[in-house]
Amino acid sequence: MSTAKVIALLATGLLSGAFMYGFLNVVPAFYEVPVNVHLVYRTQLMTHNGITMQSLMALSIITPLWYAGLCRRLTPVRNLAILSAALALTTLLITRFGNVPINGIIKLWPPQHPPVGWKALLHTWDIYNAWRTFTALGCFIAFIAASHLKKEETLTGSVSSSS
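Now for a description of the structure that goes with this document. Worth saying up front: this structure is predicted, and the values here are computed from it rather than measured.

**Topic: the nonpolar core**
Of all hydrophobic cores here, the largest spans 11 residues; its members are Val26, Val27, Phe30, Leu39, Met46, Ile102, Ile106, Trp109, Trp118, Leu122 and Trp125. Of all the secondary-structure elements, those providing two or more residues to this core are helix H1 (3–30), helix H2 (35–70), helix H3 (75–106) and helix H4 (118–156).

As structure tokens, then:
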């Protein structure tokens, strides 16, 4: 198994898993605690997630492209790997231009007294979060498909490659 494939599987899987965990567990828990706890925890989570999630998104873009380059003669494999990278890029763009600006606004709210309409802005954040969660999941699924297809093509001998 190539280094590119291993790193891409790890990065895309961790990215998808992190977003799915947040979507299924963290976000619902936000709404089950008092608003001041919700906002303080959300703000601290942003601080801790910054480097980790950005790194995973970058690796989830770069390593599938690296793998696509290694498998350039295997058109379906290459295309799925590129799709995986494109979905990771979409995840990054949704995060950067959807969630991050809202996070900046939330950081300014006093936790004890959020502004009028605060739930509507959090609902918008939730929509962006759902989209980036599913694009991250799609990124992982596309790379698994590329990886599986490469294995099948190698086993059947229909196409040979040095990846």
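**Some details on the packing of H2 against H3**
One can describe the packing of H2 onto H3 by two numbers: an axis separation of 9 Å at closest approach and a directional angle of 160°. Taken together, the axes of H2 and H3 lie roughly antiparallel to each other. Viewed along their axes, H2 and H3 form a crossing whose handedness is left-handed. Here the contact of H2 with H3 is built from residues that sort into 16 nonpolar, six polar and two charged.

**Some remarks on the side chain of histidine 38**
Note that histidine 38 resides in helix H2. A polar contact is formed between the side chain of histidine 38 and the backbone oxygen of phenylalanine 30, at a distance of 2.9 Å. If sequence neighbours within four positions are ignored, histidine 38 has contacts with Phe30, Tyr31, Val33 and Leu122.

**Describing a nonpolar patch on the surface**
Together, Ile7, Leu59, Trp66 and Leu70 make up a nonpolar patch on the protein surface, roughly 310 Å² of accessible area in all. Among the elements that line the nonpolar patch, the one with the most residues is H2, at three residues.

**Quick word on the packing of aromatic side chains**
Per the counting criterion, the structure on display carries three aromatic pairs. With centroids separated by 5.1 Å and ring planes inclined at 65°, the aromatic side chains of tyrosine 67 and phenylalanine 143 adopt a geometry described as edge-to-face. Of this pair, tyrosine 67 sits in helix H2 while phenylalanine 143 is found in helix H4, placing the two residues 76 residues apart along the sequence. Since its relative accessible area comes to 1%, tyrosine 67 is described here as buried. When the ring centre of tryptophan 125 is taken as origin, the NZ or CZ atom of arginine 42, which lies over that ring, is 4.4 Å away. Positioned over the ring face of phenylalanine 97 is arginine 96, at 5.5 Å from the centre of the ring.

**Side note on the environment of alanine 136**
Along the chain, the position of alanine 136 falls in helix H4. Look at alanine 136 and you get buried, because its relative accessible area is 0%. Taking C-alpha positions, alanine 136 is 8.6 Å from glycine 13, a pair spaced 123 residues apart along the chain. Residues within four places of alanine 136 in sequence aside, it is in contact with Leu15, Ser16, Phe19 and Thr91.

**Let's talk about the packing of H1 against H2**
Two numbers describe how H1 lies on H2: the axes approach to 8 Å, and their chain directions differ by 155°. Considering the angle they form, H1 stands roughly antiparallel to H2. For H1 against H2, the interelement crossing comes out left-handed. Across the contact of H1 with H2, the residue classes tally to 20 nonpolar, five polar and two charged.

**Topic: the state of the cysteines**
The full count for this structure, using the stated rule, is zero disulfides. Cysteine cysteine 71 shares no disulfide, and the gap to the nearest cysteine sulfur, in cysteine 139, comes to 16 Å.

What counts and what doesn't
- Residue indices begin from 1 for each chain and proceed along its sequence in written order.
- Reporting in this predicted model follows two pLDDT cut-offs: at least 70 for local features of residues, and 80 or more for side-chain atom pairs to be given and counted; totals over whole chains, interfaces and linings ignore these cut-offs and use all residues.
- The basis for every side-chain value is the complete set of heavy atoms in the structure, and neither hydrogens nor water enter the calculation.
- As used in this record, nonpolar core signifies buried Ala, Val, Leu, Ile, Met, Phe, Trp, Tyr and Cys residues forming a set joined through side-chain atoms within 4.5 Å.
- Relative accessibility thresholds used throughout: buried, under 20% of the residue-type maximum; exposed, over 50%; partly exposed, between the two (1.4 Å probe, protein chains only).
- Only DSSP runs of H or I reaching four residues or more are called helices, and only runs of E reaching two or more are called strands; each is numbered from the N terminus.
- Here an angle of 0 to 180 degrees is reported between the N-to-C directions of two axes, which are lines fitted to C-alpha atoms, with helices fitted over the stretch in contact.
- When describing relative orientation, an angle under 35 degrees is termed roughly parallel and one over 145 degrees roughly antiparallel, while 65 to 115 degrees is termed roughly perpendicular and anything else oblique.
- If you view the pair so one helix is near and one far, a crossing is left-handed when the near helix is turned anticlockwise from the far one by less than a right angle, and right-handed when it is turned clockwise.
- Gly is placed with the polar residues, together with every amino acid not listed as nonpolar (Ala, Val, Leu, Ile, Met, Phe, Trp, Tyr, Cys and Pro) or charged (Asp, Glu, Lys and Arg).
- In protein, a polar contact requires one atom able to donate a hydrogen and another able to accept it; more generally it is a pair of N or O atoms within 3.5 Å, and residues adjacent in sequence count only if both atoms are side-chain atoms.
- Contact criterion: two residues are considered in contact whenever any of their non-hydrogen atoms come within 4.5 Å of each other.
- Patch definition: residues above 30% relative accessible area lacking any salt bridge, with like charges linked at up to 9 Å and the nonpolar side chains Val, Leu, Ile, Met, Phe, Trp and Tyr linked at up to 5 Å.
- Computed with the Shrake-Rupley method and a 1.4 Å probe, the accessible areas treat only the protein chains shown as cover for residues.
- The term salt bridge refers to a side-chain nitrogen of Lys or Arg lying within 4 Å of a carboxyl oxygen of Asp or Glu.
- Between rings of Phe, Tyr and Trp, where Trp is taken as its six-membered ring, a pair exists when centres lie within 6.5 Å; planes separated by under 30 degrees are stacked, by over 60 edge-to-face, and by other angles tilted.
- Lysine NZ or arginine CZ positioned within 6 Å of the ring centre and within 35 degrees of the ring normal marks a charge as sitting over the ring.
- Working definition: a disulfide is two cysteine sulfur atoms within 2.5 Å of each other.

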